[in-house]
Amino acid sequence: MTLRQEHQHQILDLYQAWKGNFTSFCRSVREEHRLNYSDTAIGSLLHQAGVRKRRSGKSVTPNRGSYRKLFPGAQWLGDGSTMKVHYIPVQWDQETFIFILEAVLGVASDALVSVDVSDSESEAAVLRAFQDGIATAGKAPLSLSLDNKPCNHTQAIAEATAEVGTTLLPTTPFRPQSKAPLEGAFGLFKQCLPELLLCGDNPREMARLVLLLVFSAWARGRNGRPRKNLGNKSPVDHYLGVNPSPEQEAEASRYIEEQRQKQEAMRRTREQRADPILLPMAR
């Protein structure tokens, strides 16, 4: 099977960041990024590019401990399109601009609840996306998972999530699998997107607004498409049609608190290992 050139670049970029085994990577390429290539075709590409490395020992299970499909509104996943393969160039007259898409996804329904377009990942972009998501869903989620970039875990974000009763959870460091649903969404969006060649006045702001409209329109179409794994309901219908019981909410809250405690313990361990005073003692 011949891989399209743009898919080759995407698969190579994804593999450079992958931490699991080869079989799990191929499954992620097909299921999360919708690139329907066989293990043999993907392996041949990686071998020809000289980037495939055999890993020994226990493999890492994708998304283990990062998120679980509980019910709509239990857990949201937020991320920015910062991987090179997900950059969206917008050409206006003779200038080309690059923007970052900040998106928030409801894990259980696979619905994109909000998007934001900005110059870079930032505290402001995360806050805008989170607040827009609440307006879209009509209610704040029980938890919001963001990666460990400093801009995602500022005091302002902690206060904004706590104010509406949302637990802020960091994803597992150095594991792109923990953000696979959004990575797949960014990949699908770019596959559907034609070249944005525009001309007109006020280039920067107009380019930003055009990209926001295009991505928002695509997200609405994606959210309205029926899914077999949702009983032939669309992500929107599944998200809005589920009314979790008090027992389900209590179980989800216990799970979220367990994850918060695990991540806090991991954070303390990382800080201790990086402490220059404790390092000589550990050798």
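Please read all numbers here as calculations on a predicted model, not as lab measurements. (Residues numbered from 1 in each chain as written. Predicted model: local features only at pLDDT ≥ 70, side-chain atom pairs only at ≥ 80, totals over all residues. Heavy atoms only, no water.)

Engineer: In this structure, what is going on with the overall build of the chain? I would like to understand it.
Structural biologist: The number of helices and strands found in the chain is 10 helices and 7 strands. Here the chain holds 283 residues, and 45% of them are scored as buried. For the chain, the computed accessible surface area is about 15300 Å², with 52% contributed by carbon and sulfur atoms. (Helix = DSSP H or I, 4+ residues; strand = E, 2+ residues; numbered from the N terminus. Buried < 20%, exposed > 50% of the residue type's maximum accessible area, 1.4 Å probe, protein only. Areas by Shrake-Rupley, 256 points an atom, 1.4 Å probe, with all protein chains shown as cover.)

Engineer: I'm lost on the pairing of strand S5 (residues 143–146) in this one. Help?
Structural biologist: What you see with S5 is no split at all: Ser143 and Ser145 on one side and Leu144 and Leu146 on the other are buried throughout. Where strand S1 (residues 75–80) lies against S5, 3 bridges are found, and the strand directions are parallel. Residue Trp76 lies in a different strand from S5, and its bridge partner there is Leu144. Alignment of S5 against strand S6 (residues 167–170), held across 4 bridges, turns out to be parallel. Bridge pairing in S6 places Ser143 opposite Thr167. Between the parallel elements S5 and S6, the chain passes through helix H5 (residues 155–163) in a crossover that is right-handed. (Pairing = 2+ DSSP bridges. Right-handed = clockwise from strand over helix to strand, strands pointing away.)

Engineer: Any chance you could explain the packing of helix H4 (residues 123–137) against H5 here in plain terms?
Structural biologist: The description of two packed helices rests on the angle between their axes and on the distance between the axes. Where H4 contacts H5, the two axes come as close as 10 Å, and the packing angle between them is 15°. In terms of their interaxial angle, H4 and H5 are classed as roughly parallel. At the point where H4 passes H5, the crossing takes the right-handed sense. Together, Glu123, Val126, Leu127 and Phe130 of H4 and Ala156, Ile157, Ala160 and Thr161 of H5 make up the contact between the two elements. Tallied by class, the residues present in the contact of H4 with H5 amount to 6 nonpolar, 1 polar and 1 charged. (Axes fitted to C-alpha atoms, helices over the stretch in contact; angles between N-to-C directions. Parallel < 35°, antiparallel > 145°, perpendicular 65-115°, else oblique. Left-handed = near helix turned anticlockwise from the far one by under 90°. Contact = heavy atoms within 4.5 Å. Nonpolar A, V, L, I, M, F, W, Y, C, P; charged D, E, K, R; others polar.)

Engineer: Can you help me understand the confidence of the model for the chain in this one?
Structural biologist: Close inspection of predicted coordinates is inappropriate for parts of the model with low pLDDT. Residues with a pLDDT of 70 or more make up 82% of the chain, whose mean pLDDT is 80. Between the elements of the chain, mean pLDDT differs from a low of 58, seen in helix H10 (residues 279–282), to a high of 95, seen in H5. Confidence drops under a pLDDT of 50 for residues 54–65, and excluding neighbours within four residues, the segment shows 20 contacts in the predicted structure. (pLDDT = per-residue confidence, 0-100.)

Engineer: I keep staring at the pairing of strand S2 (residues 88–92) and nothing clicks. Help me out?
Structural biologist: With burial as the criterion, only one face of S2 is covered, namely that bearing Ile88, Val90 and Trp92; the residues Pro89 and Gln91 on the opposite face remain uncovered. Note that S2 and strand S3 (residues 95–106) share 5 bridges and pair antiparallel. Within the sheet, the bridge partner assigned to Ile88 lies in S3 and is Phe99. Turn length for the S2-S3 hairpin, with the two strands adjacent in sequence and antiparallel, is 2 residues, and the turn residue Asp93 shows positive phi of about 55°. In this sheet, strand S7 (residues 196–198) lies alongside S2 in parallel orientation, the contact comprising 3 bridges. By the bridge assignment for S7, Trp92 is matched with Leu198.

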